[in-house]
Amino acid sequence: MEESERLRRWRMVLGAPAAMAFVGAGTLSKADADIDAALGALYDADNAGEEGRRKRSAGLGASAPSVVRWLGDIRDYFPTPVVQVLQRDAVSRLGLARLLLEPELLDAAEPDVHLVGTLLSLRSALPERTKETARMVVRRVVDDIERRLEQSLRSAVLGAVNRSTRTRTPRLPDVDWDRTILANLRNYQPEQRTVIIDRLIGYARARRTAAMHDVILLIDQSGSMASSVVYAGVLGASLATMTAVSTQLIVFDTSVVDLTDDLDDPVELLFGIQLGGGTDIDRAVGYGASLVRRPTDTVFVLISDLIEGGDQSSLVARLRALVESGVCVVVLLALSDDGTPAYDHALAATCAELGAPAFACTPDAFPELLATALRREDVGRWAATHGLVPG
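Residues numbered from 1 in each chain as written. Predicted model: local features only at pLDDT ≥ 70, side-chain atom pairs only at ≥ 80, totals over all residues. Heavy atoms only, no water.

Engineer: Sorry if this is basic, but what is going on with the pairing of strand 5 (residues 213-220) here?
Structural biologist: For strand 5, the tally of buried residues reaches 8 of 8 residues, placing the bulk of the element in the interior. Where burial is concerned, the two faces of strand 5 agree: the one with His213, Val215, Leu217 and Ile219 and the one with Asp214, Ile216, Leu218 and Asp220 are both buried. Bridge count for strand 5 against strand 6 (residues 245-252) is 8 bridges, and the pairing is parallel. Looking at strand 6, one finds that Ile219 is bridged to Val251. Between strand 5 and its parallel partner strand 6, the chain crosses via helix 10 (residues 226-240), and the hand of that crossover is right-handed. Here strand 5 pairs with strand 8 (residues 298-303) via 6 bridges, running parallel. Bridge pairing in strand 8 places Leu218 opposite Leu302. (Buried < 20%, exposed > 50% of the residue type's maximum accessible area, 1.4 Å probe, protein only. Helix = DSSP H or I, 4+ residues; strand = E, 2+ residues; numbered from the N terminus. Pairing = 2+ DSSP bridges. Right-handed = clockwise from strand over helix to strand, strands pointing away.)

Engineer: Can you help me understand a negative patch on the surface in this one?
Structural biologist: Taken together, the side chains of Asp258, Asp261, Asp262 and Asp264 present a region of like negative charge at the surface. Mapping Asp261 onto the fold places it in the loop between strand 7 (256-258) and helix 11 (266-271). Exposure remark for Asp261: the relative accessible area of 72% places this residue in the exposed category. (Patch = residues over 30% accessible without salt bridge, like charges linked within 9 Å, V, L, I, M, F, W, Y side chains within 5 Å. Areas by Shrake-Rupley, 256 points an atom, 1.4 Å probe, with all protein chains shown as cover. Salt bridge = Lys/Arg side-chain N within 4 Å of Asp/Glu carboxyl O. Lys, Arg positive; Asp, Glu negative; His and termini not counted. Charge placed at Lys NZ, Arg CZ, Asp CG, Glu CD.)

Engineer: Hey, could you run me through the packing of aromatic side chains in this one?
Structural biologist: Two aromatic rings, taken as a pair, are described by how far apart their centres are and by the angle between their planes. Per the stated rule, a full pass over the model turns up 2 aromatic pairs. Note on Tyr77 and Phe78: the rings are 6.3 Å apart at their centroids and 85° apart in plane angle, and the pair reads as edge-to-face. Taking relative accessible area as the criterion, Tyr77 reaches 28% and is therefore assigned partly exposed. Relative to Trp382, the ring of Phe359 lies with its centre 6.3 Å away and its plane at 50°, an arrangement referred to as tilted. A residue pair is termed long-range when its members are at least 10 positions apart, and Phe359 in strand 10 (residues 358-361) and Trp382 in helix 16 (residues 379-385) qualify at 23 residues. Here Arg135 stacks its cationic end above the ring of Phe271, 4.5 Å away from the centre of that ring. (Phe/Tyr/Trp six-rings, centres within 6.5 Å; stacked < 30°, edge-to-face > 60°. Lys NZ or Arg CZ within 6 Å of the ring centre and 35° of its normal.)

Next up, the structure:
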């Protein structure tokens, strides 16, 4: 790398406050200056003291039009994953959450799970003129998650509960695409960069109408669990479309709300969630336990960071009783792509000792996790094999 390019990159990283140190490196190009200004509007305030932060916040955050212009600029300059990071930083660093109440700002933002989480936390404050735009943003994120995960979830679940009914003449919704592509790799056409499918692999639709397994999703809706709530809600709605399993979804803070009847519409389901508040996991697990009808055919997934505000000894007793009754209990400390979460390490270790493995899981790994649980295999060993057990 040439010295001039190296200096340019350092100048862009360090921002305007370091400009004097790069006087000899020449001036920024018009494109670089525009990018530098967009980044400076967000990050230079960190180096300007409290008064500078107030000025910078006012400069970017005083009106929706100025933020809309900034959002448009960063979408021109950066790829989508970077835009999403910048949006999250703008909300957290500059207090721009209140501007999400403006429909024109929401329309300009790049939809992602974190933006949906922020909208859910502001749900009660959304004015009528913004609610429809907010639903459109949530719908786009829900559709994206469904496109990404629904087929793998369906294949994993049907494969777990209908292992004896694999067929080479499946209906299109019942095709196991991963196995089908693997079986047809010999038909790969390099010129077209495609695989010619001459046989399908999937699962015969079960003749019985009753669900063969029960899945109970118990979701902590405290503010720290926002991304997990979004993913769990969409995955729960996808599970509810499968007759092979009976799905129930419950959210909780210090109260418990059963949202099973809303599983047919994931957008309305998410808008039925109120992020924030305290946490009474014990009370929620008690309600979830009351829903268990056939313990040995039930997977009980508690999605929580285990920061308990209720009776911890009672919670441990309830979890022990569920495990001893034959229920497959799994504790997900997070269901997101956000990395290692903050959680109660001691309580997580206690859960694992009871036979309820506790670990964080990405949304992409969830279908395989659920299939492992439905097959009554060792979920703790599966998590350890995938490097998911917390240290």
